[in-house]
Amino acid sequence: MAACWLLSLACLAASFRPAALSTRSGEVCDCNGMSRQCIFDWQLLRETGNGYRCLGCLGNTEGAHCERCKDGFFRRWGEKCCLPCLCHTWGSLSPQCDSDGRCSCKPGVMGDKCDQCQPGFESLSKAGCWRSGQSLQCECDPAGSTGDCHSGRCVCKESATGERCQRCKRHFYNLDARNPAGCSPCFCYGHSITCISADNHSVHNITSTFQQGTEGWRGVHESGSPAQLQWSPHHQDAFIAARRSEPIYFVAPAKFLGNQQLSYGQMLSFDYRLDRGGRQPSPYDVVLEGHGLRVTSPFLPQGRVLPCGISQTYTIRLDEHPSSKWSPRLNHFEFRRLLGNLTALWIRATFGEYSTGYIDNVTLVSAQPVPGVPAPWVERCQCPAAYRGQFCESCAPGYRRDAPGQGPFGICVPCNCQGGGICDPDTGECYSGDENVGNGVSCPFGSYRDPQQPHSCRTCPCGLGQGCSVGPGTEEVVCDHCPPGAAGANCEYCADGYFGDPAASQPCQLCWCNGNVEPNAVGNCDRQTGECLKCIYNTAGFYCDRCKDGFFGNPLAPDPANKCRACACDSVGAEPLKCRSDGSCICKPGFEGPRCEERECPACYGQVKVQVELYLQQLAELELLFSEVRAGGGTESQELEGRMLVAEEMLRTILREAVSLQASDRSLEGRVARMKGQGSSSQSHLDETKATVQRLRSLGSQYERQVQETHQLLERARLDLDRSGATLHQVTIPVSSFPGSSNQFLLLAQEALRLANSHIQAANAIDQAAKVAREDAWQALELLRAAAGGEAASGSQPGLLERYEELKSLAGGLKADADGIASEADTAYQGSLVLLTSLSHLIETDIGSFKEEASRLKQDASALLVLVDTSLAQYRGLQSRMGHWEEEAKQLLRGQEEADAAAIPSHPSQKHSPASCECWQRHLLRGGTDPQEPQGVQPASR
């Protein structure tokens, strides 16, 4: 309230303030009553035709003539002073409000000042209010956002805005994901800052593919002297070879030069390959020149090297953004000036002495004013009254260039013709006969005639394509041609009941809620998306086009009484808040009935239901008989009594069947419980069997590998013995003083050879025995699987015992063979020692070579002994594991017997044979020996 009193006093003071003299005598300031002091501004005169600029505007107004409110203030109709909007900084889209003081709210926010959450929303923050239960997760537009999300709010690129970064800021256009800034600034040759994307241009690529020749490209040294450019018919590309270190450039032909304004923000790309020479890119690899400006760019960022002998595509963006790497840095206006008169495009060809550079597929993305694929990067400007054309590139009728020779960059000023006539836009020469046009020339649409300057037109302070007028009897400009649904002093937002974004060139559209909202309510739909927010008549959905959960009917019916009605379903048996379009309920499993209020009977009670229905039929017949008796129908009492006896007997039968079914049900439940227990036990046994199988596989593979290694070592020992024998034949052994020494030496050598051959045979026998043991283990495993799964017959169990005994016997044989091999190896080792001792007494000259052979033979024999000891230890480990496996087999068979005994009732007439599972289990528990085996024979160690 105090603020309103202060504003009223300020307005009153402004109205009684004495007028200050202007800088020109005879003129008064036009400040709309908000100031009496002004200065003369030549630039303002050229732009608007009135050169007086007001100073010290009161009443929260601003502008050259104090004609508008400051940002964050509004003016009520018929008042001069501007009041503060006081929009909530978090809940409002901007600090600006409409002429009634209402602010534009963010999604989920309500209130004139956007300081409250709508029903069903909560947590007012910088992102607005969130629907109850909704997470604070960003849904950002990838074209305008950086990809980051802070506290539920999207982080926008520098020229994008909106809750989701879905639109461009004021004075920017063409939201593009490829643009690192998000949007491009309006250019309009500097005459306007308001534009949108044009719809009359299509994509056009300027290319050189070198399929027919050089296509006008040429070579030039950095100093400016020409260089030879060659064309390869085979590869269809152009190349330049250098002999000196001075850089040579490819120079683009005329089709890439001239006015390339339509390529701003687009890509220049080319394929380049370097053979030999240096590989370090320089800051001067690509050069652009035009309008007295020059910029350069490297092929690659600093620190990277050019690939040698590999063709690679290089792409450079034509704009002033830092990511484009142009040097020196130009501002937006300077870069557009350069592209407006591009005089040179150089691409570096060589890097050092004897280097060769190849170029191909040069493409400059541009646009042309023909139908085709749209080129949204081309702008359409909203020009002031003094300018015309899509880009404000021409002067409007009645205006001329202030300084000739600047082309479209020149400023347009009013013609100095009598009566406001038109003149030549370049020279300013007045056309003959136009001196007396005067007031007959009307201002074009989008502008209005200034009451202070009857011969000048000023641009309407409204949106693009909107007109305005001066109120009768006043000097206030009113936007009187807002598009349907638009509101605000400048038609900048959508009115209640409409959605869109006029500021982002998205026209306002009527919200469509199928008549399921209150017409007089405020905030029925989202002004940005059009989503209906206040559905009534039990409807829901984006357009209030479906019934709420728990209701059914036709939400589009004209009569509210016929729209959506509540589902009449049982709360226990029906799915909650669900029913079909006809109102029928969706029952949970085990329920039935129109409202899902009845429980379904199990299938096993079908016979009971049949009997009950038959009993009900009999009761109906009895009721009929009673009625006939009462009516004196002549029915005999004996017949009635007989019928009642039949019905009574039937009822007793039903009761007996019900009791029997109940007992059967309990028995069935017990059996199911036992089956579940047996199933879990069988599964456990099966898992143990699988683990045993895996261990068998691993040990079998390990055993087979060791047998092969033993076989290889024996083979090497035999070869060494052969070589030793050959060496011995070549050795001259003198007659020694020792009696029988020569014969003893020969006998030892023959014995060593015989032992080697016997070792080979023993290794082969061990290998064969291992294979047989492995096959028997697999067969035993299959029998164990069948027993665990309940598939093996009782006759297969004695076979399993026999195979197990064979496997145990085979393991004993393997042990005996291993012991024999160890004994023979030890004998050979001792014989080798004797042989070495005998040879040490020989005195002939070649005894040294024989010692070497004997030493090698000794080493082989020692290695053979170590390997045999290792194999023997592994055999013993295998026997120990077989003992564990035997215990596991006993437990499995014992569990299978118990399961069979539980599942199959025993009868006195059925007896187990001696070969049955029970007999075999007792046999295993006695020690696992064969009943036919003599008592003196002990089983193999486990």
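1. A closer look at the overall build of the chain
Then, number 1: Each helix and strand in the chain was counted, giving nine helices and 52 strands.
Then, number 2: Within the span of the chain, comprising 942 residues, buried residues form 38% of the whole.
Then, number 3: Nonlocal contacts in the chain, meaning residues at least 24 apart in sequence, comprise 52% of its contacts between residues at least 6 apart.
Then, number 4: When the accessible surface of the chain is totalled, it reaches about 52400 Å², and 54% of it is carbon and sulfur.

2. Concerning the state of the cysteines
Then, number 1: Taken as a whole, this structure holds 23 disulfides when the rule is applied.
Then, number 2: The disulfide bridge from Cys513 ends at Cys532, spanning 2.0 Å between sulfur atoms. On the sign convention where negative is left-handed, the bridge of Cys513 and Cys532, at about -105° about the S-S bond, is left-handed. Taken as a pair, Cys513 in the loop between β44 (506-510) and β45 (539-540) and Cys532 in the loop between β44 and β45 lie far apart in primary sequence, 19 residues in all.

3. Examining the environment of Pro322
Then, number 1: In this structure, Pro322 sits in the loop between β29 (312-317) and α3 (332-340).
Then, number 2: Considered as a pair, Pro322 and Pro180 are 142 residues apart in the sequence and their alpha carbons are 9.3 Å apart.

4. Comments concerning a nonpolar patch on the surface
Then, number 1: Taken together, the side chains of Trp512, Phe542 and Tyr543 present a nonpolar region at the surface, about 350 Å² in accessible area.
Then, number 2: Following the sequence through the fold, Tyr543 ends up in the loop between β45 and β46 (546-547).
Then, number 3: Assessed through its relative accessible area of 39%, Tyr543 is described here as partly exposed.

5. Regarding the sheet that holds strand β27 (residues 286-290)
Then, number 1: The six strands are arranged β22-β21-β25-β30-β27-β28 in an open sheet whose pairing can be described as antiparallel. Because the sheet does not close on itself, it has two edges, and the strands there are β22 (226-227) and β28 (293-297).
Then, number 2: Inspection of the sheet shows strand β25 (residues 248-251) paired to strand β30 (residues 342-348) by three bridges, in the antiparallel sense. From the neighbouring strand, Tyr249 faces β30, where its bridge partner is Arg348.
Then, number 3: Across the face of the sheet, α3 comes into contact with β27, β28 and β30 while running at roughly 100° to β28.

6. As for the packing of aromatic side chains
Then, number 1: Following the criterion strictly, the structure yields 20 aromatic pairs and no others.
Then, number 2: Measuring from centroid to centroid gives 6.0 Å for Phe187 and Phe409, while their planes differ by 65°, and the two rings are edge-to-face. Within this pair, whereas Phe187 is found in the loop between β18 (184-185) and β19 (195-197), its partner Phe409 is found in the loop between β35 (399-401) and β36 (412-414), the two being separated by 222 residues in sequence.
Then, number 3: Among the aromatic side chains, those forming a connected cluster through ring pairs are Phe270, Tyr272, Phe299, Tyr314 and Phe351.
Then, number 4: The positively charged end of Arg337 is found above the aromatic ring belonging to Phe409, 4.2 Å away from the centroid.
Then, number 5: Lying across the ring of Phe351, Arg348 places its NZ or CZ 4.1 Å from the centre.

7. A closer look at the nonpolar core
For soluble globular proteins, the rule of thumb is that nonpolar side chains tend to be buried together.
Then, number 1: In this structure, Trp217, Phe250, Phe270, Phe299 and Ile359 are the most contacted members of the largest nonpolar core, which totals 39 residues.
Then, number 2: When residues of this core are traced back to their parent elements, those giving at least two are β24 (237-241), β25, β26 (267-275), β27, β29, α3, β30 and β31 (356-368).
Then, number 3: With four residues, the single largest contributor to this core is β26.
Then, number 4: If we skip the residues at most four places from it in the chain, Phe299 touches Phe270, Tyr272, Pro281, Asp285, Val286, Leu306, Tyr314, Ile347, Arg348 and Phe351.
Then, number 5: Counting residues in hydrophobic clusters, the runner-up holds 14 residues, among them Cys195, Ala386, Tyr387 and Cys392.

8. Considerations on the pattern of salt bridges
Then, number 1: Under the defined criterion, the tally for this structure stands at 14 salt bridges.
Then, number 2: Here the residues in one salt-bridge network are Glu62, Glu67 and Arg68, joined through shared partners.

9. Describing unusual backbone geometry
Then, number 1: Each neighbour pair has its own omega, and for Ser327 with Pro328 the value is 0°, a cis peptide bond.
Then, number 2: By secondary structure assignment, the location of Pro328 is in the loop between β29 and α3.
Then, number 3: One non-glycine residue, Asn60, lies in positive phi territory at about 60°.
Then, number 4: For Cys544, which is not glycine, the phi torsion reads 55° and is therefore positive.
Then, number 5: Secondary-structure assignment places Cys544 in the loop between β45 and β46.

10. Observations concerning a negative patch on the surface
Then, number 1: A grouping of Glu592, Glu597, Glu598 and Glu600 is seen on the molecular surface, where their side chains present a negatively charged patch.
Then, number 2: Mapped onto the secondary structure, Glu597 falls in the loop between β51 (591-592) and β52 (598-599).

11. Some details on the side chain of Arg317
Then, number 1: Mapped onto the elements of the fold, Arg317 is located in strand β29.
Then, number 2: By relative accessible area, Arg317 is classed as buried at 9%.
Then, number 3: Among the polar contacts made by the side chain of Arg317, one reaches the main-chain carbonyl oxygen of Gly265 at a distance of 3.2 Å.
Then, number 4: Here Arg317 is in contact with Arg178, Asn179, Pro180, Gly265, Gln266, Met267, Ser324 and Trp326, once residues within four sequence places are set aside.

12. With respect to the confidence of the model for the chain
Then, number 1: Residue-level pLDDT values for the chain average 76, and 71% of them are 70 or greater.
Then, number 2: Averaged over each element, pLDDT in the chain is lowest for helix α9 (residues 917-925) (36) and highest for β25 (95).
Then, number 3: Ignoring residues within four places in sequence, the model shows residues 790-797, a span with pLDDT below 50, making nine contacts including any to other chains.
Then, number 4: Of the regions scoring below 50 in pLDDT, residues 904-942 engages in 43 contacts with residues more than four places distant in sequence or in other chains.

13. A few points about the environment of Pro414
Then, number 1: Residue placement: Pro414 occurs in strand β36.
Then, number 2: Taking the C-alpha atoms as reference, Pro414 lies 9.6 Å from Pro425; in sequence the two are 11 residues apart.
Then, number 3: Filtering out sequence-adjacent residues up to four positions away, Pro414 remains in contact with Arg46, Gly398, Tyr399 and Arg400.

14. Notes on α3
Then, number 1: Among the residues making up α3, those that are buried are His332, Phe335, Arg336, Leu338 and Leu339. The arc that holds every buried residue of α3, seen down its axis, measures 155°, which confines them to one face.
Then, number 2: Here α3 starts with a cap whose side-chain oxygen sits 3.2 Å from the backbone nitrogen of Phe333, and that cap is Asn331.

15. A word on the environment of Asp148
Then, number 1: Note on placement: Asp148 falls in strand β13 (residues 145-150).
Then, number 2: Looking at Asp148, the relative accessible area reads 40%, which means it is partly exposed.
Then, number 3: As a C-alpha pair, Asp148 and Cys138 span 10 residues in sequence and 8.6 Å in three-dimensional space.
Then, number 4: Not counting residues within four places of it along the chain, the set of residues in contact with Asp148 comprises Cys140, Arg153, Cys154 and Val155.

16. Observations concerning the side chain of Lys563
Then, number 1: Note on placement: Lys563 falls in the loop between β47 (551-553) and β48 (564-566).
Then, number 2: Comment: no salt bridge for buried Lys563; closest opposite-charge side chain is Asp559, at 8.0 Å.
Then, number 3: In this structure, Lys563 is in contact with Asn514, Asn516, Tyr537, Cys547, Phe552, Gly553, Asn554, Pro555, Leu556 and Ala557, ignoring residues within four places of it in sequence.

Cut-off values and rules
Residues numbered from 1 in each chain as written. Predicted model: local features only at pLDDT ≥ 70, side-chain atom pairs only at ≥ 80, totals over all residues. Heavy atoms only, no water. Helix = DSSP H or I, 4+ residues; strand = E, 2+ residues; numbered from the N terminus. Buried < 20%, exposed > 50% of the residue type's maximum accessible area, 1.4 Å probe, protein only. Contact = heavy atoms within 4.5 Å. Areas by Shrake-Rupley, 256 points an atom, 1.4 Å probe, with all protein chains shown as cover. Disulfide = S-S within 2.5 Å. Patch = residues over 30% accessible without salt bridge, like charges linked within 9 Å, V, L, I, M, F, W, Y side chains within 5 Å. Salt bridge = Lys/Arg side-chain N within 4 Å of Asp/Glu carboxyl O. Pairing = 2+ DSSP bridges. Axes fitted to C-alpha atoms, helices over the stretch in contact; angles between N-to-C directions. Phe/Tyr/Trp six-rings, centres within 6.5 Å; stacked < 30°, edge-to-face > 60°. Lys NZ or Arg CZ within 6 Å of the ring centre and 35° of its normal. Core = buried A, V, L, I, M, F, W, Y, C linked by side-chain atoms within 4.5 Å. Lys, Arg positive; Asp, Glu negative; His and termini not counted. Charge placed at Lys NZ, Arg CZ, Asp CG, Glu CD. Polar contact = N/O pair within 3.5 Å; in protein donor to acceptor, adjacent residues only side chain to side chain. pLDDT = per-residue confidence, 0-100. Arc of directions from axis to C-beta.

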